[in-house]
2 protein chains.
Amino acid sequence: MGESTLIYCKLNKIKQNKEFIMYAISMAMLLLLLRFLEYKFLILQNEFGLYIGIIALFFTFLGIWASNKLTSPKVKTIVIEKEIVVEKRLDFVVNEEELNNRKISKRELEVLELMAQGLSNQEIASRLFVSLNTIKTHSSNLFQKLEVKRRTQAIETAKKIGIIE
Amino acid sequence: MGESTLIYCKLNKIKQNKEFIMYAISMAMLLLLLRFLEYKFLILQNEFGLYIGIIALFFTFLGIWASNKLTSPKVKTIVIEKEIVVEKRLDFVVNEEELNNRKISKRELEVLELMAQGLSNQEIASRLFVSLNTIKTHSSNLFQKLEVKRRTQAIETAKKIGIIE
DNA sequence: AATGCAGTCATACTTTTGAGTGATTTATTG
DNA sequence: CAATAAATCACTCAAAAGTATGACTGCATT
């Protein structure tokens, strides 16, 4: 009786109850088959039936234990690829080299940025608290430095060479 | 001797040699222990030794089989996060919805694109083999549909709502 | 002290852009 | 067939953009 509780505990520990119940039933049937064979071929005496059963049980669980403990576990690996879209515009940095090469001043860059936002010269002038003529001068100088003729081209070029976002 | 080669073949088939060699050794020792017990307690006769061994082997492999076949495999889910840097310009698709909602025609869109490239109205007219006045009409209509006042604003808005690159 | 540069502003002038209006032609669609 | 939308063009007028030139200031470098 002490043995059966120990077996029960082991079964609990393994935690695959359903399969082991099925297995226990098949095992019990095999034992019955053996008992039947005892009488058929007169190989065993009655008093040794229990002993054979214990041997069978012991080696069965030894096999289970060996398989569970010494065998590397079956692992089914499912690889899920999760796509993460990275926005490119987040890490915008001003191309300092172009600014230096073309000698574009801070003020000119300011004007260029407001231009790209679609402001008129008058609006830029008001925003920066200077006269309309000053903005015209700045933009004229800008066009020369960017080698363009119009503000739309200036915006296009400036974005391409990376001096505005 | 036929038995041991059979066992060896089965062990080979299972392909977990090292653990099963250890197991085989421990099993052999247990059989020796049982043989020792045979003489100690006089439970078994010599002629049944082979029978006991077969029973032990059979139930051992039954246990191994049961453990391997009836055990559900452990599912290991590996989530691989795959970073995809999206070039904003590469996968550009025209926002058809905005075009339809604002009722911007094909020709107007053409003019808008050339505008964004920095062309003047006269240059656009020459490019499309139409008169300057036609381009003016197109751009005027565009500005109304985009709810802007200037071409620079038109470009800005058009890019934002995704109707041009 | 002299030089150079960025930033400012002005004046005069030309070109481009844009608003407003109206008209014609050509498909397409109900 | 009539209605509609798209595309075309013209004309006028006003506003904005852009060119060219010169000048003044403050600041830093030489």
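Below or above, wherever it landed, is the structure these notes cover. (Residues numbered from 1 in each chain as written. Chains lettered and ligands numbered in written order. Predicted model: local features only at pLDDT ≥ 70, side-chain atom pairs only at ≥ 80, totals over all residues. Heavy atoms only, no water.)

### A closer look at the packing of helix H5 (residues 106–116) of chain A against helix H8 (residues 151–160) of chain A
A packed helix pair is summarised by two numbers, namely the angle formed by the two axes and the spacing between the axes. Residue and element names in this part refer to chain A. With their axes 10 Å apart at the nearest point, H5 and H8 run at an angle of 105° to one another. Between H5 and H8, the angle is such that the two are roughly perpendicular. Mapping the contact onto sequence places Leu-112, Met-115 and Ala-116 in H5 and Arg-151, Ala-154, Ile-155 and Ala-158 in H8. Looking at the contact of H5 with H8, its residues break down into six nonpolar, no polar and one charged. (Axes fitted to C-alpha atoms, helices over the stretch in contact; angles between N-to-C directions. Helix = DSSP H or I, 4+ residues; strand = E, 2+ residues; numbered from the N terminus. Parallel < 35°, antiparallel > 145°, perpendicular 65-115°, else oblique. Contact = heavy atoms within 4.5 Å. Nonpolar A, V, L, I, M, F, W, Y, C, P; charged D, E, K, R; others polar.)

### Here's the deal with helix H5 (residues 106–116) of chain B
Within H5(B) the residues assigned to the buried category are Glu108(B), Leu109(B), Val111(B), Leu112(B), Leu114(B), Met115(B) and Ala116(B). Turning to H5(B), the residues buried within the fold contact H8 of chain A together with helix H4 (96–102), helix H6 (121–127), helix H7 (132–146) and helix H8 (151–161) of chain B. A positive backbone phi angle near 95° is found at Gly118(B), which sits one or two residues after H5(B). (Buried < 20%, exposed > 50% of the residue type's maximum accessible area, 1.4 Å probe, protein only.)

### Focus: unusual backbone geometry
Residues and elements named next belong to chain B. One non-glycine residue with positive phi stands out, namely Lys-103, at about 55°. Within the element layout of this structure, Lys-103 appears in the loop between H4 and H5. Taking the relative accessible area as the measure of exposure, Lys-103 reaches 65% and is therefore exposed.

### Focus on the protein's contact with DNA strand C
In the region of DNA strand C, 18 residues are neighbours, and Ser105(A), Arg107(A), Val130(A), Ser131(A) and Arg151(B) sit closest. Near the protein, within 4 Å, the atoms of DNA strand C are sugar or phosphate in 64% of cases. Here a phosphate oxygen of DNA strand C and a backbone polar atom of Ser131(A) are 2.7 Å apart. Here a phosphate oxygen of DNA strand C sits 2.8 Å away from a polar atom, N or O, in the side chain of His138(A). (Near = heavy atom within 4 Å. Polar contact = N/O pair within 3.5 Å; in protein donor to acceptor, adjacent residues only side chain to side chain.)

### Topic: H8(A)
Structural remark: α-helix, 3.6 residues per turn; residues separated by three or four positions point the same way. Within H8(A), seven of the 10 residues are buried, which leaves the element mostly enclosed by the surrounding structure. Those residues of H8(A) lying buried are Arg151(A), Thr152(A), Gln153(A), Ala154(A), Ile155(A), Thr157(A) and Ala158(A). Looking at the buried side of H8(A), the elements it contacts are H5, helix H6 (121–127) and helix H7 (132–146) of chain A together with H5 and H8 of chain B. Downstream of H8(A) by one or two residues, Gly162(A) has phi in the positive range, about 80°.

### A look at the pattern of salt bridges
On inspection of all chains with the given rule, the structure shows 10 salt bridges over all chains. In this structure, Arg150(B) and Glu123(A) form a salt bridge, with 2.7 Å as the shortest nitrogen-oxygen distance. Of the two residues, Arg150(B) is situated in the loop between H7 and H8 and Glu123(A) in helix H6; the pairing between them involves two chains. Between Glu108(B) and Lys145(B) there is a salt bridge whose closest N-O contact spans 2.9 Å. Residue Glu108(B) is located in helix H5, and its partner Lys145(B) is located in helix H7; the two are separated by 37 residues in the primary sequence. You can call Lys145(B) partly exposed: its relative accessible area is 26%. Connected via shared salt-bridge partners are Glu98(A), Arg102(A) and Glu147(A). (Salt bridge = Lys/Arg side-chain N within 4 Å of Asp/Glu carboxyl O.)

### Comments concerning the protein's contact with DNA strand D
Around DNA strand D lies a shell of 18 residues, among which Lys136(A), Arg151(A), Ser105(B), Arg107(B) and Val130(B) are the nearest. Among the atoms of DNA strand D close to the protein, meaning within 4 Å, 67% are from sugar or phosphate groups. Within the backbone of Arg151(A), an N or O atom sits 2.7 Å from a phosphate oxygen of DNA strand D. A distance of 2.9 Å separates a phosphate oxygen of DNA strand D from a polar backbone atom of Ser131(B). Put simply, the parts of the chain that give the surface near DNA strand D at least two residues each are H7 of chain A together with H5 and H7 of chain B. If you tally residues by element for the surface near DNA strand D, the top one is H7(B), at four residues. Residues belonging to the surface near DNA strand D are distributed by class as follows: two nonpolar, nine polar and seven charged.

### With respect to the side chain of Thr157(A)
Residue and element names in this part refer to chain A. Among the secondary structure elements, Thr-157 is positioned in helix H8. Owing to a relative accessible area of 16%, Thr-157 belongs among the buried residues under this scheme. Beyond its immediate stretch of four places on either side in the chain, Thr-157 contacts Leu-146 and Val-148.

### Re the environment of Glu156(A)
In this fold, Glu156(A) is placed in helix H8. Look at Glu156(A) and you get partly exposed, because its relative accessible area is 27%. When the C-alpha atoms of Glu156(A) and Ala116(A) are compared, they prove to be 8.8 Å apart, with 40 residues separating the residues in sequence. Residues within four places of Glu156(A) in sequence aside, it is in contact with Ala116(B), Gln117(B) and Lys159(B).

Honestly, that's just the spatial picture; any functional story needs more than this.
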